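# An overview of the molecular structure
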Amino acid sequence: MMDSLRWNSWRPLTLSCPIPASTLPEQLDGGQAFRWRLSDNHEWLGVIGRAVVRLRFRETQLEWCSSDSSSAFAKRMGDYFDESGIQVQLIDQLPWRSDVVLSQAIRSYPGLRILRQDPHETLVGFLCSSNKRIQQIRMMVSSLAQNLGEPIAEDYYALPSWSAIASASATQLKSCALGYRAKFLQGTAHKLKDRPDWEKEFSSLPTPQLLETLQTLPGVGPKVAACVALFGFGRWESFPVDTWIVQVLTQAYRLQGYSAKQLEKFGQAHFGAAAGIAQQYLFASARSGQLGVRLGKNEKL
DNA sequence: TGCCAGGGGAAAG
DNA sequence: CTTTCCCATGGC
């Protein structure tokens, strides 16, 4: 058994652009990260790397404490939540002045940002994402950690390494309820398990080459590659086109008849260097029904 | 280019 | 209870 958790003291999460309580659920459980859950006492519990993190509001102040009291982790927290507020500068460069769909989406989720996750975490998460709801993706990722990951605290596990996934038994993977995604994870794990520096190598690539290289991995197509580039490698110009964004662009932007690739091109051209951030606002608004778009039967592109 | 299989569970009928 | 659908991809 592990020692029980020793939490460091609560401290304010001071962000240049704050995250209000109304935005926090979408921020932590809106489909870009799959490692956060809301506890019974209204705290958010998450795992960042090998640290367990708690988040809560005291009045309007967001506070955090974690199992890692090092200053290095405090810095990691700041990066993770974009404490410098650099994304706000990019949001201002988006065409919200002439785009009422976008401006309404941004107004609906003040403070929403792209979390700076580890590439490994995003690749594991989005390899599980096809044909799944966010809640189910979170469960699959959680099962992977519990069955194959190293314990980091009581009831908390780090995500498994590619090596651990590659050498997992069929029974172990079966118990993670991955379905056909199990072969995606194992296939990618086999290609990356002997490349401990893959994150660094991929990071050095320009975005088009990064997307291309990611798609050489089994289970990684255009959409998953775009998500990993956006959420894991901080490529904010990357514009993932998922089923919700298809609905937004075909309905609210009236781009019927466009292929997924054409919609991606449109997104990059229309939204520019912060296309991925725009995507996150549109995704959140569409999913909450605010744009009047519905998922309906998978509309042929 | 288009079509469809492929876990399994939640949501819808 | 039964059917449909799910932040897609790969293979034909």
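Quick notes on the rules
- Residues numbered from 1 in each chain as written.
- Chains lettered and ligands numbered in written order.
- Predicted model: local features only at pLDDT ≥ 70, side-chain atom pairs only at ≥ 80, totals over all residues.
- Heavy atoms only, no water.
- Helix = DSSP H or I, 4+ residues; strand = E, 2+ residues; numbered from the N terminus.
- Rg over C-alpha atoms; globule rule 2.2 N^0.38 Å.
- Buried < 20%, exposed > 50% of the residue type's maximum accessible area, 1.4 Å probe, protein only.
- Contact = heavy atoms within 4.5 Å.
- Areas by Shrake-Rupley, 256 points an atom, 1.4 Å probe, with all protein chains shown as cover.
- Lys, Arg positive; Asp, Glu negative; His and termini not counted.
- Charge placed at Lys NZ, Arg CZ, Asp CG, Glu CD.
- pLDDT = per-residue confidence, 0-100.
- Near = heavy atom within 4 Å.
- Polar contact = N/O pair within 3.5 Å; in protein donor to acceptor, adjacent residues only side chain to side chain.
- Nonpolar A, V, L, I, M, F, W, Y, C, P; charged D, E, K, R; others polar.
- Core = buried A, V, L, I, M, F, W, Y, C linked by side-chain atoms within 4.5 Å.
- Domains from an automatic or database assignment.
- Pairing = 2+ DSSP bridges.
- Phe/Tyr/Trp six-rings, centres within 6.5 Å; stacked < 30°, edge-to-face > 60°.
- Lys NZ or Arg CZ within 6 Å of the ring centre and 35° of its normal.

Bringing the overall build of chain A into the picture now. The number of helices and strands found in chain A is 15 helices and seven strands. Its C-alpha atoms give chain A a radius of gyration of 19 Å, within 12% of the compact-globule value 19 Å for 301 residues. With respect to the principal axes defined by its C-alpha atoms, chain A has extents near 55 × 45 × 35 Å. Out of the 301 residues in chain A, the part that is buried amounts to 50%. Partitioning the contacts of chain A with sequence separation of at least 6, the portion at a separation of at least 24 is 70%. Accessible surface, chain A: about 14,400 Å² in total, of which carbon and sulfur atoms supply 50%. A distance of 6 Å separates the average location of the 33 positive side-chain charges in chain A from that of its 27 negative side-chain charges.

With 97% of its residues at a pLDDT of 70 or more, chain A shows a mean pLDDT of 94. Contacts from residues 297-301, a stretch scored under 50 in pLDDT, to residues over four places away or in other chains number seven contacts.

Turning our attention to the protein's contact with DNA strand C. Residues in contact with DNA strand C amount to 24 residues; listed here are only the nearest, Gly-31, Asn-131, Lys-132, Lys-223 and Asp-242. A distance of 2.2 Å is found between a base nitrogen of DNA strand C and a backbone nitrogen or oxygen belonging to Gly-31. One of the backbone nitrogen or oxygen atoms of Gly-219 is found 2.9 Å away from a phosphate oxygen of DNA strand C. When contributions to the surface near DNA strand C are tallied by element, the ones reaching two or more residues are α12 (222-232) and α13 (243-252). Top element by residues in the surface near DNA strand C is α12. It accounts for three residues. Residues that form the surface near DNA strand C fall into these classes: 10 nonpolar, 10 polar and four charged.

Counting residues in each nonpolar core, the largest one holds 73 residues, and the members touching the most others are Trp-162 and Leu-282. For this core, the element with the most residues is helix α15 (residues 275-287), which contributes eight residues. Counting the residues that make up this core, at least three belong to each of domain 2 (85-116 + 234-301) and domain 3 (119-220). Among residues more than four places away in sequence, those in contact with Trp-162 are His-120, Leu-123, Val-124, Leu-127, Leu-185, Thr-188, Ala-189, Leu-192, Lys-193 and Trp-198.

This part takes up the pairing of strand β5 (residues 61-66). Within β5, five of the six residues are buried, which leaves it mostly tucked inside the rest of the structure. Here strand β1 (residues 11-12) runs beside β5; their pairing, made up of two bridges, is antiparallel. Its bridge partner being in β5, Pro-12 is matched across the sheet by Glu-63. One ladder, built from six bridges, connects strand β4 (residues 51-58) with β5; its direction is antiparallel. Across the sheet, the residue bridging to Leu-55 is Trp-64, located in β5. Between β4 and the antiparallel strand that follows it, β5, lie two residues; Glu-59 among them carries a positive phi value of about 60 degrees.

What follows deals with the protein's contact with DNA strand B. Surrounding DNA strand B, one finds Asn-131, Lys-132, Arg-133, Gln-136, Lys-174, Gly-179, Tyr-180 and Arg-181. Counted by atom, the contact set of DNA strand B within 4 Å of the protein is 38% sugar and phosphate. Lys-174 is positioned such that a nitrogen or oxygen atom in its side chain is 3.1 Å from a phosphate oxygen of DNA strand B. In the environment of DNA strand B, a base nitrogen lies 3.4 Å from a nitrogen or oxygen atom belonging to the side chain of Tyr-180.

So, about the packing of aromatic side chains. Applying the stated criterion across every chain yields a total of 13 aromatic pairs. Measuring from ring centre to ring centre gives 6.3 Å for Trp-36 and Tyr-80, while their planes differ by 50 degrees; the resulting arrangement is tilted. Of the two residues, Trp-36 sits in strand β2 (residues 36-38) while Tyr-80 sits in helix α2 (residues 71-80), which places them 44 residues apart along the sequence. By relative accessible area, Tyr-80 is classed as buried at 0%. Among the aromatic side chains, those forming a connected cluster through ring pairs are Trp-162, Trp-198, Phe-202 and Phe-233. When the ring centre of Trp-10 is taken as reference, the NZ or CZ atom of Arg-56 above it lies at 3.8 Å.

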